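One letter stands for each residue in the lines below.
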Amino acid sequence: MADPPGGVRFLPEGVLVPLSAGESLLSHALRGGIPLLAPCGGESRCGKCRVVVRGETRGGDDPGILSPGEIAAGVRLACRCIPLGGGVVCVTILPETRPARLAAYIDGKDMGADGPFLPLVRCTAAGNPLGVALDLGTSTLAGALVDLSDGAVLSRAFADNPQMACGEDLISRIVFAEETPGGGEILRSRLLAGVEEVAGRLIDASPVRGEIADVVAAGNTVISHVLYGVSPSSIRRPPYRPVLSEYPAAEGKTLGIGGPMAKARWRIFPSLGGFVGGDVVAGLLASGMHRNEEVSLFFDVGTNGEVVLGNRDWRIACSSSAGPAFEGGEVGCGMRAYPGAVESVRIDRRTAVTEYTVIGGGRPCGLCGSGILDLLAELFRTGIVDRAGRFTPTGRAGRRDTERGEAFVVVTAEESATGRDVVFCEADLKSVVRTKAALCAAAESMLAAVGLPRESVARIYVAGGFGNFLDLRSALTIGLFPPFPPSRFVPLGNASLAGAIAALRNRRRWKEGLSLASGTLYHDLSSDPGFMERYQRSLFLPHTDEESYRAALAMEAGR
Amino acid sequence: MTVSPSIPTFPGRILEVTLPAGPGGSPVVVGGQNALPLLPEGDHPHAPAVGMEIRTGPEELPPALAEVIGPFSGNPAALAQKCVSGWGARFLFLSLSGCNPDAGGQGVQDGAAIVREVLAATATPVIVGGCGDEDVDGRLFPAVAEAATRPVFLSYAEEKNYRLVAGAALAYGHGVVSWSPIDINIAKQINLLLADLGFPGERVLIDPLTGGLGYGLEYTYSIVERVRLAGLSGDAMLARPILCHLGDAWKAREASDASEPGWGDSALRGRRWEEATGLACLAAGADLLVCRHPENVKRLSEAAWR
Amino acid sequence: MALTALDIYKLLPKTNCKECGFPTCLAFAMRMAAGKATVDLCPHASGEAKATLGAAASPPLPKVLIGAGEREVVLGDETVLFRHEKTFCHPSAVAISVRDDLPDADFAARIEAIRGLAFERVGQRISVDLVALRCVSGDAGKYARRAGAAFEATGLPLVLLAPAGPLAAAADAVGASRPLLSPPPEDLEAGARLAAARKLPLRVRARGMGGLAPALATAREAGAASLVADPAPECAREAVADATTLRRLAILARNRDLAYPSAFDLGNGFPDPFLAAALLIAKYGSLLVMDTADPADLLPLLTLRQNLFTDPQRPIQVEPGIYPIGAPGESSPVLITTNFSLTYFTVRGDVEAARTPALLLISDCDGMSVLTAWAAGKFTGESIARQLAECGIADRVAHRTLILPGMVARLSGRIEELSKWRVLVGPQESSALPSYLRRLTAAAFAPSRG
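Rules behind the numbers
Residues numbered from 1 in each chain as written. Chains lettered and ligands numbered in written order. Predicted model: local features only at pLDDT ≥ 70, side-chain atom pairs only at ≥ 80, totals over all residues. Heavy atoms only, no water. Phe/Tyr/Trp six-rings, centres within 6.5 Å; stacked < 30°, edge-to-face > 60°. Buried < 20%, exposed > 50% of the residue type's maximum accessible area, 1.4 Å probe, protein only. Lys NZ or Arg CZ within 6 Å of the ring centre and 35° of its normal. Helix = DSSP H or I, 4+ residues; strand = E, 2+ residues; numbered from the N terminus. Contact = heavy atoms within 4.5 Å. Buried area = accessible area lost by both parts, 1.4 Å probe. Salt bridge = Lys/Arg side-chain N within 4 Å of Asp/Glu carboxyl O. Polar contact = N/O pair within 3.5 Å; in protein donor to acceptor, adjacent residues only side chain to side chain. Pairing = 2+ DSSP bridges. Axes fitted to C-alpha atoms, helices over the stretch in contact; angles between N-to-C directions. Domains from an automatic or database assignment.

What follows concerns the packing of aromatic side chains. All chains considered together, the criterion is met by 11 aromatic pairs over all chains. Judged by centre distance (5.2 Å) and plane angle (45°), the rings of Phe481(A) and Phe489(A) are tilted. Overall, the relative accessible area of 3% leaves Phe481(A) in the buried class. Residue class for Phe489(A) comes out buried when judged on its relative accessible area of 12%. With a centroid separation of 5.6 Å and an interplanar angle of 25°, the aromatic rings of Phe22(C) and Phe28(C) are classed as stacked. The structure contains a cluster of three or more aromatic residues connected by ring pairs, namely Phe299(A), Phe481(A), Phe484(A) and Phe489(A). The ring of Trp510(A) carries Arg267(A) above its face, with NZ or CZ at 5.0 Å from the centroid. One Lys or Arg, Arg410(C), reaches over the ring of Trp374(C) and ends 4.0 Å from the middle of that ring.

What follows deals with the environment of Thr356(C). All names here are of chain C. Assignment of secondary structure puts Thr-356 in the loop between helix H12 (341–354) and strand E15 (358–363). Separated by 81 residues in the primary sequence, Thr-356 and Leu-437 have C-alpha atoms spaced 7.1 Å apart. Setting aside residues up to four positions removed in sequence, Thr-356 forms contacts with Pro-333, Val-351 and Leu-437.

With 50 residues of chain B at the interface, the matching set in chain C holds 49 residues. Summing the contributions of chain B and of chain C, the shared interface buries around 4400 Å²; its carbon and sulfur component is 65%. The interface formed by chain B and chain C includes 8 salt bridges. The partner of Arg355(C) in a salt bridge is Asp133(B), with the nearest N and O atoms 3.3 Å apart. Our count for the contact surface shared by chain B and chain C stands at 10 residue pairs in polar contact (both at pLDDT 80 or more). At 9 residues, the largest contribution of residues to the side of chain B that touches chain C is made by helix H8 (residues 266–284) of chain B.

The next thing to look at is the sheet that holds strand E5 (residues 126–129) of chain B. Residue and element names in this part refer to chain B. Within the open sheet, the 8 strands sit side by side as E8-E7-E6-E5-E4-E3-E10-E9. Their pairing is parallel. Pairing within the sheet leaves two strands with one partner each, and these edge strands are strand E8 (204–207) and strand E9 (243–245). Taken over all neighbouring pairs, the strand axes of this sheet differ in orientation by 25° on average, direction set aside. Strand direction decides the pairing type here: strand E3 (residues 49–55) and strand E4 (residues 92–95), joined by 4 bridges, are parallel. Looking at the pairing, Glu-53 lines up with Phe-93 of E4.

Along the polypeptide, Asn185(B) turns up in helix H6 (residues 184–196). At a separation of 3.4 Å, a polar atom in the side chain of Asn185(B) contacts the side chain of Arg537(A). Apart from the residues lying within four places of it in its own chain, the contact partners of Asn185(B) are Glu533(A), Gln536(A), Arg537(A) and Thr544(A).

Cis geometry marks the peptide bond from Leu541(A) to Pro542(A), where omega comes out at -10°. Here Pro542(A) is to be found in the loop between helix H14 (531–538) and helix H15 (546–558). The amide bond that connects Ser155(B) to the next residue, Tyr156(B), takes the cis arrangement and shows omega of 10°. Here Tyr156(B) shows up in strand E6 (residues 153–157). Located in the positive-phi region is Lys199(C), a residue other than glycine, with phi close to 55°.

Domain boundaries in chain C define domain 1 (5–57), domain 2 (63–308) and domain 3 (321–445). The C-alpha-based centres of domain 1 of chain C and domain 3 of chain C are spaced at 47 Å.

Structure, rendered in structure tokens:
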């Protein structure tokens, strides 16, 4: 095989950007749509755009900013480092150099050991064989285009799920399918349109042309049913069982897929239960917890909040019905992690004045999950909100009355992008507390179901874009998770997509995914007699068992 | 042959709480134990105490009550004296039900005046209950706290009003009853909230909401047992004396209906209904019982051993 | 101590072969940990697993059966000390006594009174369980005849409180009905031999644990297998202490010499039997013999028993129906919500806070909260329309306006279509009800005609 033309491969995205001579790595990143932090605008003043470089480059090794050790390890400033021709320069973007949570939606970590490259589809005559990995989320569809000749990720893309118009949560969509004439077909055609949109964007962004031969999709059970053309109705009613738990591979055309993925062979991750779908199976696959002897907990903080507990021998999974508060749903000024979202918040105890950071650095227009988490933690820490999630009457600084009741002003109208205050009212507080309570209680219920003490959990994986950016101290302050030491948490980003990519690259991993589903027990929390009680215990800041949280926080402070 | 029974021991001890009396009266002290109720094991420095309820609002009394406390209707101070000196109540629970807009609608100052009258009529410890209307109680508790001529307990503080009730009690040296709707977690939560305000634990009682016999008593029973076990096991926020208010027993049809021939005498049955409710509460771990039938003060005290 | 699901799982083959009928070995282990499955369902379990799990599954307190057929009474077989840990399984049995020396008419009347001690409560029949026949006459023939008559008239199993002679005669007469033989302490050996010969349950009565230990040993040596222990206390206080000791010996110490179901004779001059019975229903009495047949005593006791022996793991529900708040009239607002108790308490509290008299409709949703019930299809336009039509609310108010929880606003169209009631969408949060209700004008609840 001939040397590939010069280019810059950005990791962990895997996106290859063709070389443009004389331009900096930062410019290449911008052209390839790779998010990279550069607060000074590329004027090499701030020293924040650090990347690790492998390959021929010059510049960007300013000794005033980088230490000799860093320079030796390949750290460079992207704004000053220029790739040279004659090969591919690999650029790893360091976690602290990631500006926007946006990236987390399409980025995911695969904790699995790198197996041999074993794609299902081998080279055919016509062009490069390509594969598409899809994460079909309730609100977002994300995808990655993979070169099946070497496993490289060629591009990544995402789009809003057009089914949002048929209901924001899964139940609403089932009801939509049941009660709207032709509702099931509408759901399906919208999903297909969204999937084709993602495929189009993937191909547009790809430096390599070829034919899509293989698709691996990970979605929740309702979406998987809709995609497969099966009614999801049974999922809504006791005993909450799906019609299908496995989806035999099929050609795109037979599923109704048009466009470049019509001729591909489609594989859909199996479901664990009505409310724990293939997206979780794919996420587990990426986490690798099924290969460890030590016990792990896996959280997918999405619209439903799934929790899995287990190790290589056994696993048990549930859906917490936590609600989408950390995706910005159910909160008045909530939004997804797009540019303009407040991503972190600090409140001055004395003046109740807030300091915040905004994704993309512009004017804020709302709060995303990590901002919401921070805000609640700060409101509680500063005594503006009591343990019950109510505003305290003493000193109303920073608050005003709104049509939704008393509210805390996070961003004033003058500073916001919308010209209106970004506020957080008592109903928002309650909604976030309910969401965190459901998540925490679900995890406690998993432990109780198998009779395992909390201390035996060695690792906690947090999947979802939110997981990459949450402040663990804030999470502990409000009791989002059981009181585990922060050092045990591992953020995974979009683990579902990572799992789907892994399955594309290696057919053994796909088989692993299939056996994961049949070896993982689905636990229905609605028939778990202890769940409501644990939920009520958790409906408090940080938790009714506040002693354990205090101990965990003290440990964290002492570190 | 000797038998060594398994007697569990507990690391915790229930906080001792004193309901203060007036000059010449006997305070009620409860708590202090480190063992389960009714059993000859551990320390039980104080026996549970049985008190009586006095309601200021008009109400239709069940037959079993009408004949004994009916004659005192509209005269809380006289009833208070009778409860203490005639029937042996160790404390009084004065419900200012007459201040409820739907039940008489006495003013807040009228309520406060009744509290003063009752405190003057007897030296026994008093717990003052609100009228159940959030707005009125919001004004009533501060007024009562100010008007009371000696320390009382205010009943009750819950998540919605705890700042107001505890604030009023703190300012004038009163105690509070922390209330939760048959839920051990909410019981702990309200006590944590009170602790956050700096309210002293030795002036707090736990009211877990007592369902009447046949109408939710089993839920209360288990919550009282669990609160007590948690307290004895070292959960400081739950290691507090528990007050069970038996008033709901009288809301049961079985406690008053005289039309069922197969149910026996309704007056005896009504009294038994309250008695059985109270006995179950004692078995679960209650430290204070509030009853309405004079005979039950004696009856329940028979089982209030230590 | 009980094994956890993971402890059990570690003993299983971990093959997820599904032959036990459960999807995974872990699922099977969880069912076993909950006491709802036994290891013999697993065809591949090792001998060690069977031995360990079999022993763990046997009840710490033996099960004793009295009577046969429909009115069979089960004593013992409990696994926990506190009902919230799991549940109490077998309610304290209540036996009402009758003397064998009563004149025929009085005897028949007494038996009739005992038979009448049965009540309907919340859809369940609660009644006394046994007749305790006290031998006062000393006449074996008479005692046996009375036993036959008592059993025939009531169909209830018998507790035969009699010395050896009459006991044997009665066992001849009614042995097939499997009565509980209850000889006095001095006739223990004879009674035990009789119990052994006829395979009948035996009550062993002796003072305290010190007395019971040798007495129970004697009964076992004589071949009696199904035993009930009566520690013969002198007062309620001793009775509670003894019953607790027996139960703890079974559950905490797994003692096999003393840990039998307990029996107490609260008649024959026992002080304060009502008080003792109530406390023993709560605290580990398996069988209570009482002299009172007054329904005013027994309805409260049987209700207490019904309460304490329900499974505490059921969600707390309130009865569906119409709940008036304040003193509602025909133009008062009507609100609807589900029968999950926390939902009910919350909504009720908030409506009370509004100081607006109102009627609260509680829907039967298996104790689910509003959104859960909606998601599960239990709180739907159809179910609400049906309730509006059938619960009688139309007779209580002159208007036809319903306030629906804001969380299920989407049901409003369907309700209006099916019921002809107008729907107002209430707030999402119950806590907003006070201000919401105060804002509503009277015109919203004007009488509707037609």
